[in-house]
Amino acid sequence: MAEAKTTTRKKQRRSVPSGQLHIQATFNNTIVTFTDKKGNVLAASSAGATGFRGSKKGTAYAAQVAAEKAAETVKGLHGVKAVDVFVKGVGLGRDAAIRAMGSFDISVDSIKDVTGVPHGGVRPRKARRA
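Residues numbered from 1 in each chain as written. Predicted model: local features only at pLDDT ≥ 70, side-chain atom pairs only at ≥ 80, totals over all residues. Heavy atoms only, no water.

A.B. asks: Explain the overall build of the chain here, please?
C.D. replies: Secondary structure assignment for the chain yields two helices and five strands. Reading the chain from its N terminus to its C terminus gives the helix and strand order β-β-β-α-β-α-β. The globule rule puts the C-alpha radius of gyration for 130 residues at 14 Å, and the 19 Å found for the chain is more than 25% above it. Its C-alpha atoms put the chain at 70 × 55 × 30 Å along the principal axes. Each of the 130 residues in the chain was classed as buried or not, and the buried ones make up 36%. Of the side-chain charges in the chain, 23 are positive and 9 negative, and the distance between the mean point of each set is 13 Å. (Helix = DSSP H or I, 4+ residues; strand = E, 2+ residues; numbered from the N terminus. Rg over C-alpha atoms; globule rule 2.2 N^0.38 Å. Buried < 20%, exposed > 50% of the residue type's maximum accessible area, 1.4 Å probe, protein only. Lys, Arg positive; Asp, Glu negative; His and termini not counted. Charge placed at Lys NZ, Arg CZ, Asp CG, Glu CD.)

A.B. asks: What is the right way to read the nonpolar core from this model?
C.D. replies: When a protein is soluble and globular, its nonpolar side chains tend to lie buried together. In terms of nonpolar packing, the biggest core is built from 22 residues, with Leu-21, Val-32, Phe-34, Val-83, Val-85 and Met-101 touching the most fellow members. At the level of elements, β1 (18-25), β2 (30-35), β3 (41-46), α1 (60-78), β4 (82-89) and α2 (93-99) are the ones that each hand at least two residues to this core. A total of five residues in this core trace back to one element, the largest contributor, which is α1. Contact partners of Val-83, with chain neighbours within four places excluded, come to Gly-19, Leu-21, Phe-34, Ile-106, Ser-107, Val-108, Asp-109 and Ser-110. (Core = buried A, V, L, I, M, F, W, Y, C linked by side-chain atoms within 4.5 Å. Contact = heavy atoms within 4.5 Å.)

A.B. asks: I'm lost on the side chain of Ser-46 in this one. Help?
C.D. replies: Inspection of the secondary structure assignment puts Ser-46 in strand β3. Here Ser-46 is in contact with Asn-29, Thr-30, Ile-31 and Ala-66, once residues within four sequence places are set aside.

A.B. asks: Is there a simple way to think about unusual backbone geometry in this case?
C.D. replies: The general pattern is negative phi for most residues beyond glycine and trans for most peptide bonds. A positive phi is found at Asp-105, a non-glycine position, where the angle reads about 55 degrees. As for its placement among the helices and strands, Asp-105 is situated in the loop between α2 and β5 (107-113). For Asp-105, a relative accessible area of 63% gives the class exposed.

A.B. asks: Help me out: how do you make sense of the pairing of β2 in this one?
C.D. replies: Two faces belong to every sheet, and in a regular strand the side chains alternate between them. Counted residue by residue, β2 has five buried out of six residues, so it is predominantly covered. The pairing of β1 with β2 spans six bridges and is antiparallel. What sits directly across from Ile-23, in β2, is Val-32. Between β1 and β2, which follow one another and run antiparallel, lie four residues. Note: β2 against β3, five bridges, orientation antiparallel. Looking at β3, one finds that Thr-33 is bridged to Ala-44. In textbook terms, the turn of a hairpin is the stretch between consecutive antiparallel strands, and for β2 and β3 this stretch comprises five residues, one of which, Gly-39, has a positive phi near 105 degrees. (Pairing = 2+ DSSP bridges.)

A.B. asks: Can you help me understand the sheet that holds β2 in this one?
C.D. replies: Strand pairing within a sheet occurs via backbone hydrogen bonds; the two strands may be parallel or antiparallel. Reading across from one edge, β3-β2-β1-β4-β5 is the order of the five strands in this open sheet, with mixed pairing throughout. Only two strands of the sheet have a single partner each, and these edge strands are β3 and β5. Here the average twist between neighbouring strands, direction ignored, is 20 degrees. (Axes fitted to C-alpha atoms, helices over the stretch in contact; angles between N-to-C directions.)

A.B. asks: What should I look at first to understand the pairing of β5 in this one?
C.D. replies: Sheet topology note: the β4/β5 ladder contains six bridges and is parallel. The partner of Val-87 across the bridge, within β5, is Asp-113. Handedness of the crossover joining β4 and β5 through α2: right-handed. (Right-handed = clockwise from strand over helix to strand, strands pointing away.)

Structure below.
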């Protein structure tokens, strides 16, 4: 029986001095993603991936730990020094994830809120008949 060959790509070690930090903060989880200027993902982490389960995933501390884990990876592999932050959502991890960048000497150039705002809404229900 032939052994199955795994085809996992090795993480490229390229120098990216400045990039983007995308934070999606929901009530249940916080997802932190580092990308380059074009939007190609360099590193990602979430509160769930760092070992938090259930309602603890939605806390500010879980978001901080997730941001630190992703920052550690991106700092070591790519040498990111500055980021533009894009925050989406209304969860508790919004501020905590940004504050975590200070301990890794990653300067925050700008912070932009890209939370989706509904316009138009859903189709109304049919009219009552008497």
